[in-house]
Amino acid sequence: MDTDANPYLDVPAADTAATAVPTNRLRLTGGAALAKAIQVLHDGPLFGMAGFQFATYYEAIRTSGMRHWLINDERSAMFAADAWARVTNRPAVVDATLGPGATNLVSGLVESLNAGIPAVVLVGDAHRLHAGKNMTQEGRQVDILRPAVKELLRVEHVQRIPELVGRAFDLARRGRPGPVVIDVPEDVAHESWDFDPEEFDALARRGKPLKTRASAAQVAAAAEVISAAQRPVLLVGGGVHLSGAYESLASFARSQKIPVAHTLSGKGAIACNDPLSLGVFGRYSRVANDLITDSDCLIVVGCKLGEIATRRYALLPKGVPVVQIDIDASEFGRTGVNGIALWSDAAEGLDDLAQACLPTPETLRARQGRIDGSHVLLSQWRASAAQRIDSEASPINVARLLRAVNEVLPEDGILIADGGFATHWSGLFFDTKKAARQFVANRGFASIGYGLPAALGAQLAAGSRRVISLTGDGGLNMSLGELETARRMGVPLILVVLNNAASGYVKAMQHAMFGPGNYQSSELSEIDYAALAEAVGCFGLRVERPDLLESALRMALAQTDRPTLVDVVVTRYPAQMLPGIDERGMAMKAGDRPI
C-alpha cells in the first residue's frame, strides 16, 4: 500500500489500525489508539455517528471487528447507551463529531449525569491549527458540554490517548457514576505516534473502582436510632441498582422486619411481589405514602429525595429521624432533610447496619404487625384500582394495558418507560418479578423521546431476555428515525405506543388547571403508527380493544428477528390521561403542580 497516497493509513493492508515497527512499538493514528484502548476496556457495542474528525477511529473499528451501530441522531445514541449501561451496570461508549454532533448529545448526557449512569463519550473537535477561524461546524462545544458531564478530558497530545481513555473509564465508574467526555481535536485523531504496547496492556490491569464506607461511629449512631424504631420504613432509589445491593437490601430488610418503598428509579430494588414491598412512593403511591407519614424512622438508601419522590418536599414527616446512605456526599441535606449521614456505597452501608442494629424481640413483633397491616392496605388499594386495571373501555385505559404487560412479559423481561406519562403509569402499575433492574425509566432529566432508543440499547444488553418499551406518541415523534435503526440492526425490541393523539401530560395539566376544552398546543394528529412501522420494515400491530392486548403482546414476543411496534389507542379524555388526576377533588395552592 502506498501510505504516501493516503496519510491517514500508516499501516499495511493486513491491518490498517496498527503495525509493529522495529523498535517493538505500535504506530497508530490517534483514532486507532482510541479504538485500541476502548477495545481493551469495553467489550460491548459502540453507538454514534461518524464525521471527518473520527475517520481514523471508524477505520480502526472496521478492521478490528468491534461492534459499532450508526444511530440516526446523537441524542438517541446517548439514550441507547444510557439504557445499555443501566442494564449491564457497565460504562457505555458513544461518539459524535464536532459542533452539532456534540451539542445534540447534551440532553442524553444530562440524563446520565443526573441518574448516575456511567458512559465514556468521544467527541471530535476542530483542528487546533485552524480553531477559532470559523471552521465548519466549530463552536464553543467544550463550554457547552462541561456542565453536562461528570468530567471532560481534552486530548492535546496523541501520545496521551491510552492514559486519558483509562482515566475516563475510571472516572465514569468511580464514586457516583456518570458520563465522561473525551474531546479530541481533528489533528490529534489523525496524527500518528509510536506507542509502547505495554500502555494498552496495562489498561486491562486497572482495578475496580474504590468504594466508600461510613465510619464505625456514624454506623453505631444510625443503628441506635433504627434499633429503637417501632415503625421504620426503607426508602430506596436508583443507588441500589448502581451498587448491586439487592442481597444486602433484602437481608437487612428481612432481618430487621422493615418494609421497603421505592422511587421510580428504585423500582426493582426489591421485587414488587415481595411481602416487604410497599411499592412506589411520592407523587404516585399505592400505600407507601401512608406508612411514611406514620413512620418513626426513615432509612434512605441511594435516593435523592427529589420533587417527585417527596411530593414537592412535603411528604416526609417533620421531626422523624432520618438515616441516609449515599455514595455522593453532596446529596446529604440537599433537599432540606438533615439526619445521620452514612457516606457509603449502598451495599456496604446496609451490610454495616445489619451487623450493628439490635432491635428487641418486642420491637420486631411490632414491626411484623405493621408489615401484616400493609398487606391489608395493599389489598384495599388493588380493589380500589380494579376499575382501571380491569377496564374493558375503549379507548383503552392505560392501567388495563399495564395489566397485560404484567401478565405477558417474562419473569426476566425488562420494561422501558419513556419520560412523562409512560413512566407515571408504569411506575404505579407495573410489577417487577424479582430484585433486579427490570424497570428502566429516564428520571435523571425525564426527557421524552427516550423510549425507542433506550429499547435499542437495553435489548442489546439483555441478549435473549425480552424488552418492552412504553412511549407516548409525542415521545415517538421525537425519535421516529430510530425505527430505521432498529430495523437495520434486527433488534427484536417491542415498542408499545400509548397513542392518545396528544402531549398527554400537558393536556392533562391544562385540563386540571384551566378546565375542559381549554387546551393550547397539546394535541397531535391521529396517526396509525403500526402502518408507519410496517412501512419501515418492522412488524406493526394496532390495538383498539382491551381484550386484544395480551394476544397482541404475545404476537410481538414471537418476533425474534425484527422490531415490533404495538400501537395502542388509549383514552382521549384528559382527566384520565394520568393516574393521579381527578378534577372533582382537586385543590391547588399557588406554585403547586396539579399532577
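The structure reproduced in this document is the subject of the present report. What you see is a predicted model; the values in this text were computed from it and never measured.

Moving on, we get to the side chain of Ser243. Note on placement: Ser243 falls in helix 11 (residues 239–243). Residue classification places Ser243 among the buried positions, given a relative accessible area of 15%. Among all residues touching Ser243, those that are not within four sequence positions of it are Lys211, Asp345, Ala346 and Ala347.

Close contact between helix 16 (residues 398–408) and helix 17 (residues 421–429) brings their axes to 10 Å; oriented N to C, the two are set at 55 degrees. Overall, the two elements helix 16 and helix 17 adopt an arrangement that is oblique. Relative to helix 17, the crossing made by helix 16 is right-handed. Of the residues in helix 17, those in contact with Val398, Ala399, Leu402 and Asn406 of helix 16 are Trp425, Ser426 and Phe429. Tallied by class, the residues present in the contact of helix 16 with helix 17 amount to five nonpolar, two polar and no charged.

According to the stated counting rule, one finds seven aromatic pairs in the structure shown. A centroid spacing of 5.7 Å and a plane angle of 40 degrees characterise the contact between Trp381 and Phe429, whose relative ring orientation is tilted. Taken together, the residues Trp381 in helix 15 (residues 361–389) and Phe429 in helix 17 connect sequence positions 48 residues apart. Pairwise contacts between aromatic rings join Phe54, Tyr57 and Tyr58 into one cluster. Positioned above the aromatic ring of Phe200, the side-chain terminus of Lys36 is 5.7 Å from the ring centre. Taking the ring centre of Tyr519 as reference, the NZ or CZ of Lys507 above it sits at 5.0 Å.

Take the sheet that holds strand 17 (residues 439–441) next. Reading across from one edge, 17-16-18-19-21-20 is the order of the six strands in this open sheet, with parallel pairing throughout. The open sheet has two free edges, formed respectively by strand 17 and strand 20 (539–543), since each of these has just one partner strand. The mean inter-strand angle of the sheet, taken between neighbouring strand axes irrespective of direction, is 20 degrees. On the sheet, helix 16 packs against strand 16 (414–417), strand 18 (467–472), strand 19 (494–499) and strand 21 (564–569) and is oriented at approximately 165 degrees with respect to strand 19.

The final tally for this structure, using the stated rule, is zero disulfides. Cysteine Cys357 is unpaired, with the sulfur of Cys297 as its nearest cysteine sulfur at 8.6 Å. Here Cys357 falls in the buried class, since its relative accessible area comes to 4%.

Close approach of charged atoms lets side chains of opposite charge pair. Inspection of every chain in the model, using the stated rule, returns 36 salt bridges. For Arg86, the salt bridge identified is with Glu111, shortest N-O distance 2.6 Å. A residue pair is termed long-range when its members are at least 10 positions apart, and Arg86 in helix 3 (residues 74–88) and Glu111 in helix 5 (residues 106–115) qualify at 25 residues. Classification of Arg86 as buried rests on a relative accessible area of 5%. A residue is classified by how much of its surface remains accessible, and Glu111, at 1% relative accessible area, is buried. A salt bridge links Asp547 to Arg545, with the nearest nitrogen and oxygen atoms 2.5 Å apart. Given a relative accessible area of 42%, Asp547 falls into the partly exposed group.

This next bit is on the environment of Asn72. Within the secondary structure layout, Asn72 lies in the loop between strand 4 (68–70) and helix 3. Dropping the residues within four chain positions of it, Asn72 is found in contact with Met49, Gly481, Glu482, Glu484, Thr485 and Arg488.

Take the nonpolar core next. Considering soluble globular proteins, one finds that nonpolar side chains tend to be buried as a cluster. Ranked by internal contacts, the top residues of the largest apolar core, which has 66 residues, are Phe281, Leu415, Phe429, Val496, Val566 and Val568. Here this core gets seven residues from one element, more than from any other, and that element is helix 16. Residues contacting Val566, with those up to four places away along its chain left out, are Ile494, Leu495, Val496, Val497, Leu541, Val543, Ala552 and Ala556. Grouped together as the second largest cluster of nonpolar side chains are 35 residues, Ile61, Met66, Ala172 and Val188 included.

Taking burial as the measure, the five residues of strand 10 (residues 232–236) include five buried ones, the bulk of the element. The two faces of strand 10 match: Pro232, Leu234 and Val236 on one face and Val233 and Leu235 on the other face are all buried. Inspection of the sheet shows strand 10 paired to strand 13 (residues 297–301) by five bridges, in the parallel sense. Counted as the bridge partner of Val233 is Leu298 from strand 13. Across three bridges, strand 10 lies against strand 11 (residues 260–262) in parallel orientation. When the sheet's bridge partners are listed, Leu234 is paired in strand 11 with Val260.

Criteria and thresholds
Residues numbered from 1 in each chain as written. Predicted model: local features only at pLDDT ≥ 70, side-chain atom pairs only at ≥ 80, totals over all residues. Heavy atoms only, no water. Helix = DSSP H or I, 4+ residues; strand = E, 2+ residues; numbered from the N terminus. Buried < 20%, exposed > 50% of the residue type's maximum accessible area, 1.4 Å probe, protein only. Contact = heavy atoms within 4.5 Å. Axes fitted to C-alpha atoms, helices over the stretch in contact; angles between N-to-C directions. Parallel < 35°, antiparallel > 145°, perpendicular 65-115°, else oblique. Left-handed = near helix turned anticlockwise from the far one by under 90°. Nonpolar A, V, L, I, M, F, W, Y, C, P; charged D, E, K, R; others polar. Phe/Tyr/Trp six-rings, centres within 6.5 Å; stacked < 30°, edge-to-face > 60°. Lys NZ or Arg CZ within 6 Å of the ring centre and 35° of its normal. Pairing = 2+ DSSP bridges. Disulfide = S-S within 2.5 Å. Salt bridge = Lys/Arg side-chain N within 4 Å of Asp/Glu carboxyl O. Core = buried A, V, L, I, M, F, W, Y, C linked by side-chain atoms within 4.5 Å.

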